[in-house]
Structures are given as structure tokens and as C-alpha cells.
Amino acid sequence: MVKCPRCGYENEATDIYCRNCTYPLQDPNTNFTKKRQRNKSWNIGTGKKILIVIGIIIIAFLLFTLVYNISQPSQQKALNVVTSPDSTHQSSSNPYKINISSNSSWYIEINKEGIIETMSGQGDRIISLDSASWDNITVKVTKTSSNSDTLKIQLLKNGNVIAKNETSDAQKTLTLHS
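Residues numbered from 1 in each chain as written. Predicted model: local features only at pLDDT ≥ 70, side-chain atom pairs only at ≥ 80, totals over all residues. Heavy atoms only, no water.

S.K.: So what exactly am I meant to see when it comes to unusual backbone geometry here?
M.R.: Glycine aside, the phi torsion of most residues is negative, and most peptide linkages are trans. At Thr-22, a residue that is not glycine, the phi angle is positive and equals roughly 65°. Along the chain, Thr-22 turns up in the loop between strand E2 (10–11) and strand E3 (26–27). Accessibility expressed as a relative area gives 59% for Thr-22, which makes it exposed. The backbone of Asn-158 sits at a positive phi, close to 50°, despite the residue not being glycine. Its relative accessible area of 27% is what places Asn-158 among the partly exposed residues. (Helix = DSSP H or I, 4+ residues; strand = E, 2+ residues; numbered from the N terminus. Buried < 20%, exposed > 50% of the residue type's maximum accessible area, 1.4 Å probe, protein only.)

S.K.: How should I be thinking about the sheet that holds strand E5 (residues 96–101) in this particular structure?
M.R.: Hydrogen bonds between backbone atoms are what pair the strands of a sheet, whose relative direction is either parallel or antiparallel. The strand order E8-E5-E10-E11 describes an open sheet built from 4 strands, whose pairing is antiparallel. One side of each edge strand has no neighbouring strand; the edge strands of this open sheet are strand E8 (125–129) and strand E11 (160–167). Shown here is a sheet whose adjacent strand axes are inclined to one another by a mean of 15°, direction ignored. Sheet topology note: the E5/strand E10 (residues 151–157) ladder contains 6 bridges and is antiparallel. Note that in E10 the partner of Asn-99 across the bridge is Gln-154. (Pairing = 2+ DSSP bridges. Axes fitted to C-alpha atoms, helices over the stretch in contact; angles between N-to-C directions.)

S.K.: Any chance you could explain the state of the cysteines here in plain terms?
M.R.: When the sulfur atoms of two cysteines share a covalent bond, that bond is a disulfide. Inspection of the entire model under this criterion finds 0 disulfides. Cys-18 takes part in no disulfide bond, and the closest cysteine sulfur, belonging to Cys-7, lies 3.6 Å away. Relative accessible area serves as the criterion here: at 2%, Cys-18 is assigned to the buried category. (Disulfide = S-S within 2.5 Å.)

S.K.: Please explain helix H1 (residues 46–71) as it appears in this structure.
M.R.: In an α-helix, one turn spans 3.6 residues, which is why side chains three or four residues apart end up on the same side. Between its first and last C-alpha, H1 extends 38 Å over 26 residues, near the 38 Å set by a 1.5 Å rise per residue. The element H1 is barely covered by neighbouring structure, given that only 0 of its 26 residues are classed as buried. (Expected span 1.5 Å × (residues − 1).)

S.K.: Honestly, the pairing of strand E6 (residues 105–112) in this entry has me stumped. Any pointers?
M.R.: A regular strand places its side chains on the two faces of the sheet in alternate fashion. Side chains Trp-106, Ile-108, Ile-110 and Lys-112 of E6 all project onto a buried face; the interleaved residues Ser-105, Tyr-107, Glu-109 and Asn-111 project onto a face where none is buried. As paired strands, E6 and strand E7 (residues 115–122) are joined by 8 bridges and run antiparallel to one another. Its bridge partner lying in E7, Ile-108 is registered against Met-119. What sits between the antiparallel neighbours E6 and E7 is a turn of 2 residues, in which Glu-113 has the positive phi angle 50°. Here E6 runs beside strand E9 (residues 137–143); their pairing, made up of 7 bridges, is antiparallel. Across the sheet, the residue bridging to Asn-111 is Thr-138, located in E9.

S.K.: Can you walk me through the packing of aromatic side chains in this structure?
M.R.: In this description, a pair of aromatic rings is defined by centroid distance and the angle of the planes. Scanning the model with the defined rule gives 1 aromatic pair in all. Relative to Tyr-68, the ring of Phe-64 lies with its centre 6.3 Å away and its plane at 20°, an arrangement referred to as stacked. Note that Phe-64 and Tyr-68 are positioned in helix H1 at a spacing of 4 residues, about one turn of the helix. Residue classification places Phe-64 among the exposed residues on the basis of a relative accessible area of 56%. (Phe/Tyr/Trp six-rings, centres within 6.5 Å; stacked < 30°, edge-to-face > 60°.)

What follows is the structure, given as C-alpha cells:
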């Protein structure tokens, strides 16, 4: 039974019009009752849909970043240095050293991959170079005093002499290459 919304008369469910007042109970073209409105709880606008999609993308990106950072090995684990118990470990932080032996005064110019450092001094000196073992090193030492003492220089890599030179001439420049 269908109750007429206008007069309240009880009509059969198949009636298209109210039998009492002829008010349309169903759409005469389709013989269906009037469509009810959809439940509005899921009827969201396009702007809200876009915000939800963007939020999901941001959360997925953050989760991916977190998993990626957790899965990366730490700096210490990435080195994996293996040595035998009887081997001696050579420090790789300063593999190059310059050994100057002289009683005279001297001036030194050190070229490490285009970076030039200079210093002067007198007497014996060992200079540690802040460089990598694969860097190209050029050392120029000039004896600046006019006495007859000998100026000796050595370029060492991990404690081994890789180049050496000496002079007793004043104002003579000695050059060493790695």
C-alpha cells in the first residue's frame, strides 16, 4: 500500500495516480516511484577528492623515505675493511708526508691537485699532507740560505720513500712528484 502525500488515501502499490485526488504517486513515463535522494555521506566534492589523493601520495612518500633510510647501511657498516691479524694498518687519512733534512732555511710550495700551500722554516721538519692516497702531489723546496749545508727532501707515501732529492746550492729549487 502507498499512502498519497496530498490526501492520505491508501492506494495500491501498482497505482500511478492517487485514486482519490489523482495526485501522481509514480512517474507516468517509467512507472517507477520518484527517485529518492542519494545518501549524502559519500557525496563529496572534487576538491575534497583531490586533497585525499594528495594526502595519500604524501603519506606514501614519507613511508618510502622512512623504509629507504632504515634499509641503508650505516657509514661504519659500509666500509667493510678486512685485514689479517699480522698485517699493519696504514692510516689513509694522511698517506703523504714530506721529510726535510737541513740546517739551512728553506721555502716549500706544495701543490695538491691544484691547491697550493706554502710555508717556510729552518732545520729538519716532517710535514703531513692532508690528501688522499690517489692525489697527485708536487713539492718544490728552495734553499733560501747561502751556506754550504745540504738540503735533503723526501716525499713519503704510507711511510715509503717515493721520491727524493738534495742540493747544497743556494736558491736552488728541488721538485718532487708523487
